[in-house]
Amino acid sequence: MSTGAGHNGFFRARGARCIAFCVALLAPLLTARAAALAPAAPGVSFDQRIGEQLPLDATFRDETGTPIHLGTYFDHQPVVLVFGYSRCPQLCAVVSNAAVQMLRVLRPSAGRDYTVMYVSIDPTDTPRDLAALKRRDTGRYGRHGTASGWHYLSGSEASILRLTDAAGFHFTYDPRSKLYAHASGFIVVTPAGRIAQYFLGIDYAPKDVASALERAAAGQTGSTVYSLLLLCARGIGISGRYGRVIWVTLEIAVILTVLAVFGGIAWMLRQERKSPRRSAASHVAARIDARASGPRGLYHGVAPLIFAFAFRDWLPPRASTLAPRVDLIFWSLVGVSALLVFGLVGSNLYFLIRYRRGSLAPRPPVKVRTAYVETAWITATTVVFLAFFFWGARIYLMEERPPAGGLVVAVTARQWMWDVRHENGRREFNELHVPLGEDVRLQMTSEDVIHSFFVPAFRLKQDVVPGKQVTAWFRATQAGTFHLFCAEYCGTVHSGMIGDVIVMPPEQFAEWLSRGNAMENLAQRGRRLFLRYNCSGCHDQPAAVHAPPLAGVYGSLVPTRDGRMVRADDAYVRDSILQPQKDIVAGYEPLMPSFQNVIPESDILDLISYVKSLAEPNADPRSRRAQP
Ligand code: CUA
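Keep in mind that what you see is a predicted model, and the values were worked out from it rather than measured.

Asker: So what's going on with the overall build of the chain? Which residues, and what values?
Answerer: If you tally the helices and strands in the chain, you get 15 helices and 24 strands. Here the chain holds 628 residues, and 38% of them are scored as buried. Long-range contacts, defined here as pairs at least 24 residues apart, represent 71% of the contacts in the chain between residues at least 6 apart. When the accessible surface of the chain is summed, it comes to about 34,400 Å², and 62% of that surface belongs to carbon and sulfur atoms.

Asker: Go over the confidence of the model for the chain with me, naming the residues and quoting the values.
Answerer: Averaged over all residues, the pLDDT of the chain is 78; the fraction at 70 or higher stands at 79%. Between residues 277-281, whose pLDDT stays under 50, and residues either more than four places distant or in other chains, the model counts nine contacts.

Asker: How would you explain the packing of helix H12 (residues 522-532) against helix H15 (residues 601-615) if you had to name every residue and give the values?
Answerer: Where H12 meets H15, the axes come as close as 7 Å, and the angle between the chain directions of the two elements is 105°. Of the possible angle classes, the one that applies to H12 and H15 is roughly perpendicular. Here Leu522, Ala523, Arg525, Gly526, Arg527, Leu529, Phe530 and Arg532 of H12 lie close against H15, whose contacting residues are Ser602, Asp603, Asp606, Leu607, Ser609, Tyr610 and Ser613. Partitioned by chemical class, the residues of the contact of H12 with H15 number six nonpolar, four polar and five charged.

Asker: Outline the pairing of strand S21 (residues 480-486), supporting the account with residue identities and numerical values.
Answerer: Looking along a regular strand, one sees the side chains alternate between the two faces of the sheet. In terms of strand pairing, strand S18 (residues 451-455) meets S21 through two bridges, oriented antiparallel. Counted as the bridge partner of Phe453 is Cys486 from S21. In terms of strand pairing, S21 meets strand S22 (residues 498-504) through six bridges, oriented antiparallel. For Phe485, the partnering residue across the bridge sits in S22 and is Ile498.

Asker: Can you lay out the layout of surface pockets for me, pointing to particular residues and giving the numbers?
Answerer: Computed from the structure, the second largest pocket encloses a volume of approximately 710 Å³. Along the walls of the second largest pocket sit 32 residues, with His539, Pro548, Leu550, Ser576 and Met592 positioned nearest its centre. Counting residues per element, the ones that place at least two in the lining of the second largest pocket are helix H13 (536-539), helix H14 (570-578) and H15. Looking at which element gives the most residues to the lining of the second largest pocket, the answer is H14, with four residues. Along the lines of polarity and charge, the residues of the lining of the second largest pocket split into 25 nonpolar, five polar and two charged.

Asker: Any chance you could break down the sheet that holds strand S15 (residues 427-429) for me, citing the residues and the numbers?
Answerer: The sheet built from five strands is open, its strands ordered S15-S14-S13-S17-S20 with mixed pairing. A strand with exactly one partner marks an edge of an open sheet, and here the two such strands are S15 and strand S20 (470-475). Across the sheet, the mean angle from the axis of one strand to that of its neighbour is 25°, orientation sign disregarded. Of the strand pairs in this sheet, strand S13 (residues 407-414) and strand S17 (residues 439-446) are connected by seven bridges, and their pairing is parallel. Opposite Ala410, over in S17, you have Gln443 as the bridge partner.

Asker: With reference to specific residues and values, describe a nonpolar patch on the surface.
Answerer: Together, Val341, Phe342, Leu344, Val345, Leu349, Leu352, Trp377 and Ile378 give the surface a local cluster of nonpolar side chains, amounting to about 840 Å² of exposed area. Of the residues forming the nonpolar patch, the biggest block, six residues, is contributed by helix H9 (residues 323-354). Assignment of secondary structure puts Val345 in helix H9. Owing to a relative accessible area of 44%, Val345 belongs among the partly exposed residues under this scheme.

Asker: Residue-level account of the pairing of strand S14 (residues 417-422), with values.
Answerer: Of all six residues that make up S14, five are buried, and the element is covered over most of its length. The pairing of S13 with S14 spans six bridges and is antiparallel. Looking across to S14, one finds that Val411 is bridged to Val420. Bridge count for S14 against S15 is three bridges, and the pairing is antiparallel. Opposite Val420, over in S15, you have Glu428 as the bridge partner. In textbook terms, the turn of a hairpin is the stretch between consecutive antiparallel strands, and for S14 and S15 this stretch comprises four residues, one of which, Gly425, has a positive phi near 100°.

Asker: Residues and numbers for the nonpolar core, please.
Answerer: One finds Trp418, Leu432, Leu442, Phe453 and Phe458 to be the most contacted residues of the largest nonpolar core, which totals 34 residues. Among the nonpolar cores identified, the runner-up in size contains 31 residues, and Ile68, Phe83, Ile121 and Leu179 belong to it.

Asker: Account for unusual backbone geometry, with residues named and values stated.
Answerer: For Asn430, which is not glycine, the phi torsion reads 55° and is therefore positive. Within the secondary structure, Asn430 sits in the loop between S15 and strand S16 (431-435). The backbone phi angle of Arg459 is positive, close to 55°, even though this residue is not glycine. Examined against the element boundaries, Arg459 turns out to sit in the loop between S18 and strand S19 (460-464). Of the residues examined, Arg459 reaches a relative accessible area of 13% and is grouped as buried.

Asker: Account for the sheet that holds strand S6 (residues 150-153), naming residues and giving values.
Answerer: Reading across the sheet, the five strands line up as S6-S5-S4-S10-S11 and stay open at both edges, with mixed pairing between neighbours. Looking along the sheet, the strands with just one partner apiece sit at the ends: S6 and strand S11 (195-200). With direction set aside, neighbouring strand axes in the sheet form an average angle of 20°. In this structure, strand S10 (residues 185-189) lies alongside S11, joined through five bridges in antiparallel fashion. Considered in S11, the bridge of Val189 is made with Ile195. Along the sheet, helix H5 (residues 206-217) makes contact with strand S4 (79-84), S10 and S11, crossing S11 at roughly 165°.

Asker: Describe in detail helix H4 (residues 157-167), supporting the description with residues and values.
Answerer: Residues of H4 that are buried: Ser159, Ile160, Leu163, Thr164, Ala166 and Ala167. Projection of H4 onto a plane perpendicular to its axis shows the buried side chains occupying an angular sector of 160°, all on one side. Facing away from the buried side of H4 by more than 90 degrees, the exposed set consists of Glu157 and Ala158. A positive backbone phi angle near 75° is found at Gly168, which sits one or two residues after H4.

Asker: Run through the environment of Ile121, naming residues and quoting values.
Answerer: Counting through the fold element by element, Ile121 comes out in the loop between strand S5 (115-120) and helix H3 (127-141). Owing to a relative accessible area of 2%, Ile121 belongs among the buried residues under this scheme. When the C-alpha positions of Ile121 and Tyr180 are compared, they lie 8.5 Å apart, and in sequence the two are 59 residues distant. When near neighbours in sequence (up to four residues on either side) are disregarded, Ile121 contacts Phe83, Gly84, Tyr85, Ile160, Thr164, Phe169, Phe171, Tyr180 and His182.

Reading guide: rules and limits
- Residues numbered from 1 in each chain as written.
- Predicted model: local features only at pLDDT ≥ 70, side-chain atom pairs only at ≥ 80, totals over all residues.
- Heavy atoms only, no water.
- Helix = DSSP H or I, 4+ residues; strand = E, 2+ residues; numbered from the N terminus.
- Buried < 20%, exposed > 50% of the residue type's maximum accessible area, 1.4 Å probe, protein only.
- Contact = heavy atoms within 4.5 Å.
- Areas by Shrake-Rupley, 256 points an atom, 1.4 Å probe, with all protein chains shown as cover.
- pLDDT = per-residue confidence, 0-100.
- Axes fitted to C-alpha atoms, helices over the stretch in contact; angles between N-to-C directions.
- Parallel < 35°, antiparallel > 145°, perpendicular 65-115°, else oblique.
- Nonpolar A, V, L, I, M, F, W, Y, C, P; charged D, E, K, R; others polar.
- Pairing = 2+ DSSP bridges.
- 1 Å grid on protein atoms, 1.4 Å probe; cavity = no way out; pocket = protein on both sides within 12 Å on 5 of 7 lines; lining within 4 Å.
- Points joined across faces, edges and corners; volume = space filled by probe spheres on them.
- Patch = residues over 30% accessible without salt bridge, like charges linked within 9 Å, V, L, I, M, F, W, Y side chains within 5 Å.
- Salt bridge = Lys/Arg side-chain N within 4 Å of Asp/Glu carboxyl O.
- Core = buried A, V, L, I, M, F, W, Y, C linked by side-chain atoms within 4.5 Å.
- Arc of directions from axis to C-beta.

Spelled out as structure tokens, the structure:
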């Protein structure tokens, strides 16, 4: 530092004040971080009590409602113990699903080699609720004859707490949301009822579980595992693996920003002390004034480059009817936002420097009534952004409402592929062939987790959700091959869930499609499944059971028992198979069982095609082969 002693003293005083201010600014952030790293929900934990004896005399009810002792399920086999409750909106289903998926790949079988025990932590859960969970899990597990190895227990609060305390599973109840905050994971227990090993989180290595089961079967216990806890606590937050990294990064960024701002102010003040008349800041202001008065060399040389850079087409090709519309609104939004940001920040900076304390800029009294200026500004921005809202809504509605007719393609997403089937039965994986210039409607569903069907060149992105059918549509305007991505993180091979959309001239597409016509079409496959799942036993006429005939149903209005009229569309057919109690047809008894977890989603698409084909006159696919 080369400033004189007086300046130094002045600067030190300023500096101290500056640091005090920085600390004051940072304080809330630091406390927020401490709160985030502390257990996100007090009273919630999963303590690893290896070797602890579980209270085998505790009484529960099994899923049929029969009272039992916990010890009933402990004799010669190790036990996989899972805690959860049926109304859990988040983690429980994820935990059970992950556990079941993991158990599926193990060589040892539930029932034969180990017992699965699910204990509800919610005293209001009924055996009926738990029976439903059992159906779900054993359905997913999918090994026949193993259901006797799965036990779903409910019990009183006292029994639950006795067991969970022994297991180190501490949870809390939030009366406001009527939900439990709890941790995730499961426990392997020895046949004698001693805790052998914990598996925390939702990602379990099958190899480790297999060896833990093997050791537990021999009565051996394992050791504590290190794993960050995933908590299920809506509104309290999930503290995951990256929480700490994010907080540290944020802190560093905030500290740097605060230092930059106050360092800059300190620097400016110091410059001003040096030459109060003509500080560096006013040099800048002078330069801005000079630039405004006429173009300079710098401006001439760089501007064209900046323009070329800015107006390069940064986006993927526009290959659908929707793409140019999406791009137009996108660039308009970027433009307006940029204008506002640069306008506001720019004028702020300019005024900050020009009218700083001690500058000699003229400060005449304001002559216009600021109320007018403010009203005009508020009105103008409101109108502009409302216009954007309506514009965006128009495009959104266009995207959401598929035009009638056109080609229908069934797409099933699963870890980790796109399974595409055309109406004539031609099937392809991770490829989608479509004709140029024709509407294509995608009927999509997922078999496992959420995926997202994303074709950037079409500006088309649609989440595909398990248990639901979603529709997306597009009309390609360019022949060629375009990327197809999964745009939703869906597991370890998510990045491999990619493919191609191949847009061909219509004649070429017809030719391509016909090359697959040796296969049965969707409706024909649907008919085969209709027989295989024994739907025909009741729905083919004549049948012993009084069930609604299906011919001509699709597309019509169906009267229900409770006096509503329901349109028999795809969703209706799907619901009728999976939730038959939902819309019972007038004049019929609720006899049909649910086929949830029995019929996979891709088969349901085919069954829908079959029911649809029954609505068309003279179109019984029992006799028809695929048309080219
Ligand atoms: Cu499917 Cu990511």
